[in-house]
Structures are given as structure tokens and as C-alpha cells.
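A look at the structure
One letter stands for each residue in the lines below.
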Amino acid sequence: MQATSTTTVRSAATQEAVWVRWLLLTGALLFLGFFLVLPLASIFAEALRKGWALYWEALKEPDALSALQLTLTVTLISVPINLVFGVAAAWAIAKFDFKGKSLLITLIDLPFSVSPVVAGLIYVLIFGAQGWLGPWLQAHDIKIIFAVPGIVLATMFVTFPFIARELIPLMEAQGTEEEQAAMVLGASGWQTFWKITLPNIKWGLLYGVILCNARAMGEFGAVSVVSGHIRGMTNTTPLHVEILYNEYNFVASFACASILALLALVTLVAKTWVEWQTERQMAAERAAVYET
């Protein structure tokens, strides 16, 4: 009886009047429409303002294709590297105790607290012509700044926390009981990882990869500093959009921006699907626990 009355009081305390709920819902929808849907729709409206012919012409322009190719190339390099690092860091932090653990967590969070522009400047300071390693790199004909390697490094810096930060709380919540049981039964470290750890974190891992991929494709600040804005060579799609807009070539600028918007929508759909799959898995696990 006491539990029932407590539940009733708690439910009544969290219920609001109908007009309050409708007011909050309307405010949230208006906010999303004004700050999200309207800007997104305006991108496609401006891109198609002068027709499909000019839209496709802007996308087929050599510099636009080169920028898109570079964006995809940088993403395909940086995301897998951050995937390996993120899984290794999360596994070490969540499953083991070691000296410097708190320091490692702090370093993982560093890109969240440092401006991307500052991150780009750090790489210029290290690898630029007047930087610490600049003379040595020039003597060996190695180019990092104002070249693809610098863009990859800058992108990796701003995106590497996403996968690790997604996996750490998940792996900590799962604990180490299953891994310890596998080790007791004679499984090696790699067997434990592939058979136990990886299946348990697959949806969280995919979620982190999606976020990392989205940030890598849309990164502007750090890449802008280290790229040099060389058309056809070191311009990614976000940088190409800025250049076209500054040249008052609005149709081409919004056409290229629409590609990034489409990629963002695809990322949103993938993110929603992963969340749905995660909820299904959690519901199945809860049902299995209740059955036992």
C-alpha cells in the first residue's frame, strides 16, 4: 500500500496541466523549426534557386569535386585511426586500473576544451616552416602543413574523443565479469575481446563512429589553419563553400553546402537507427532478466 501511494504521489508530481505541456511542446517545435529546419531548407532553396542545371554544374566543377574527394579521403583516414585509438583507450580505462588513468581521461577530453583554430595553430607551430620541426622537414622534403597530412592530423585531433567518450561509460557499466569468466575458462586476451567485449559494445561503437564521421566531414576551424586554402589541392568541402561564398558565387556555394547538409541528414538517420537498435537490445536484455 505504501509503495502504491508513493508511486501515485511521484506520478502526480511529474504531471503538468495540458496547457503547460502544449506550451512546452509548441515552444520546442518553434525553436527547432526556426533554428534547424528553416536554415536547412534555405540551403536547398538557394542551391536550386536558378534551376537544376546550374546546381549540377556547380557540383561537377573540378574544384568542387576535388574538395569533396579530399573531404572523403581525410574522413576515411582519420575515422579508422580514431576507431582503433578510441576502442583501445576505452578498453584500458574501463577494464583496468593503472597510474595516469585520470590523466589519460583528461587528455581525451582536451579537444572539447580547445578551440579548433588553436589546434590548427599548434600544428603550424610544430610542423610549419618556422616551427620546431620545420627546418628538418624541409631538409628531407616532407610537407605536412598546407598539405594533406596536416589536414588529416588536424581532423584526427578534433574528432578522436568521440568514439572513446561514447565507449568509456558503456564499458564501465558492463563491468569486467564476463571478461574475467572467459579468461578463467582459458580464453586469450584477443579471444576475450573479439568474443565478449566487442559484441557487447557494437552499437555504442557504431554510434561513436557516426559522430566521429560527421565531425570529420564538417570540420572547418582546424583544417582552415593548416590547409593553406589551395584550390584543387588542400580545400575540403567546407573550405570550398567559404571561398565560393566570399566570391559572391552563391548558387555554387549553397550547392556544395547542400552536399554537406545531405551527409548530415544521412548521419542523423543512421544515428536514429543505432539508438533504436540499442533500445531494442536493452529491452531484450531486461526481458531476459525478468524471465530468469
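**Quick word on the overall build of the protein**
On a plain count of helices and strands, the protein comes out with 14 helices and 0 strands. When the helices and strands of the protein are read in sequence order from the N terminus, they spell out α-α-α-α-α-α-α-α-α-α-α-α-α-α. Against the 2.2 N^0.38 benchmark of 19 Å for 292 residues, the protein shows a C-alpha radius of gyration of 24 Å, more extended than a compact globule. Across its three principal directions, the C-alpha atoms of the protein cover 75 × 55 × 30 Å. Within the protein, counting contacts between residues at least 6 apart in sequence, those at least 24 apart form 72% of the total. Entry remark: accessible area of the protein is about 17800 Å², with carbon and sulfur atoms responsible for 70%. Seen as two clouds, the 17 positive and the 20 negative side-chain charges of the protein have centres 2 Å apart.

**Observations regarding helix α2 (residues 18–47)**
The end-to-end C-alpha separation of α2 is 42 Å, in line with the 44 Å expected for 30 residues at 1.5 Å each. Maximum bend of α2: about 40°, positioned at glycine 33.

**Quick look at empty space enclosed by the protein**
All chains considered together, the criterion is met by 1 cavity of 30 Å³ or more. In this structure, the largest cavity spans a volume of roughly 50 Å³. Looking at the lining of the largest cavity, the elements with two or more residues in it are α4 (62–95), α8 (148–159) and α11 (189–218). Grouping the constituent residues of the lining of the largest cavity by class yields 6 nonpolar, 3 polar and 1 charged.

**Topic: the pattern of salt bridges**
Under the criterion given, the structure shown has 7 salt bridges. A salt bridge links arginine 231 to glutamate 247, with the shortest nitrogen-to-oxygen separation between them at 2.5 Å. Note that arginine 231 is positioned in the loop between α12 (221–227) and α13 (237–246) and glutamate 247 in the loop between α13 and α14 (250–291), a separation of 16 residues in sequence. Take arginine 231: its relative accessible area is 37%, and that puts it in the partly exposed class.

**Remarks on helix α9 (residues 161–174)**
Taking 1.5 Å per residue as the helical rise, α9 with its 14 residues ought to reach 20 Å, and the 20 Å between its terminal C-alpha atoms agrees with that figure. Of all the residues in α9, the buried ones are Pro161, Phe162, Ile163, Ala164, Leu167, Ile168 and Met171. Each element contacted by the buried residues of α9 is listed here: α4, α5 (101–113), α8 and α11. Taken from the residues just after α9, glycine 175 is the one with a positive phi, measuring 75°.

**Description of the nonpolar core**
With 37 residues, the main nonpolar core has Ile108 and Leu167 as its most contacted residues. Here the element with the most residues in this core is α4; it accounts for 8 residues. Leave out the neighbours within four places in its chain, and leucine 167 touches Gly86, Val87, Ala90, Ile201, Gly204 and Leu205.

**Overview of the packing of aromatic side chains**
A full pass over the atoms with the stated rule returns 18 aromatic pairs. Ring centres of phenylalanine 34 and phenylalanine 35 lie 5.0 Å apart, and the angle between their planes is 85°; this geometry places the pair in the edge-to-face category. Each member of the pair, phenylalanine 34 as well as phenylalanine 35, carries the same accessibility label: exposed. Consider the rings of phenylalanine 85 and phenylalanine 160, whose centres lie 5.3 Å apart with planes at 85°: the pair is edge-to-face. With phenylalanine 85 in helix α4 and phenylalanine 160 in the loop between α8 and α9, this residue pair connects regions lying 75 residues apart in the sequence. A relative accessible area of 13% places phenylalanine 160 in the buried class. Ring-pair connections join several aromatic residues into one group, and the members of that group are Phe85, Tyr123, Phe127, Phe157 and Phe160. The lysine or arginine in question, arginine 280, covers the ring of tryptophan 276, its NZ or CZ lying 5.0 Å from the ring centre.

**A look at unusual backbone geometry**
Non-glycine residue phenylalanine 146 carries a positive phi angle of around 60°. One can find phenylalanine 146 in the loop between α7 (134–139) and α8. Classification of phenylalanine 146 by relative accessible area gives partly exposed; the value is 40%. Backbone geometry places tyrosine 248, a non-glycine residue, at a positive phi of 65°. Mapped onto the elements, tyrosine 248 comes out in the loop between α13 and α14. Taking relative accessible area as the criterion, tyrosine 248 reaches 64% and is therefore assigned exposed.

**Some words on the confidence of the model for the protein**
With 93% of its residues at a pLDDT of 70 or more, the protein has an overall mean of 85. Confidence, expressed as mean pLDDT per element, reaches its minimum in the protein at helix α1 (residues 2–14) with 49 and its maximum at α8 with 94. Note on residues 1–10: pLDDT under 50 across the span, and 0 contacts to partners over four residues away in sequence or across chains.

Calculation notes
Residues numbered from 1 in each chain as written. Predicted model: local features only at pLDDT ≥ 70, side-chain atom pairs only at ≥ 80, totals over all residues. Heavy atoms only, no water. Helix = DSSP H or I, 4+ residues; strand = E, 2+ residues; numbered from the N terminus. Rg over C-alpha atoms; globule rule 2.2 N^0.38 Å. Contact = heavy atoms within 4.5 Å. Areas by Shrake-Rupley, 256 points an atom, 1.4 Å probe, with all protein chains shown as cover. Lys, Arg positive; Asp, Glu negative; His and termini not counted. Charge placed at Lys NZ, Arg CZ, Asp CG, Glu CD. Expected span 1.5 Å × (residues − 1). Bend = angle between axes of the 7 residues up to and from the residue. 1 Å grid on protein atoms, 1.4 Å probe; cavity = no way out; pocket = protein on both sides within 12 Å on 5 of 7 lines; lining within 4 Å. Points joined across faces, edges and corners; volume = space filled by probe spheres on them. Nonpolar A, V, L, I, M, F, W, Y, C, P; charged D, E, K, R; others polar. Salt bridge = Lys/Arg side-chain N within 4 Å of Asp/Glu carboxyl O. Buried < 20%, exposed > 50% of the residue type's maximum accessible area, 1.4 Å probe, protein only. Core = buried A, V, L, I, M, F, W, Y, C linked by side-chain atoms within 4.5 Å. Phe/Tyr/Trp six-rings, centres within 6.5 Å; stacked < 30°, edge-to-face > 60°. Lys NZ or Arg CZ within 6 Å of the ring centre and 35° of its normal. pLDDT = per-residue confidence, 0-100.

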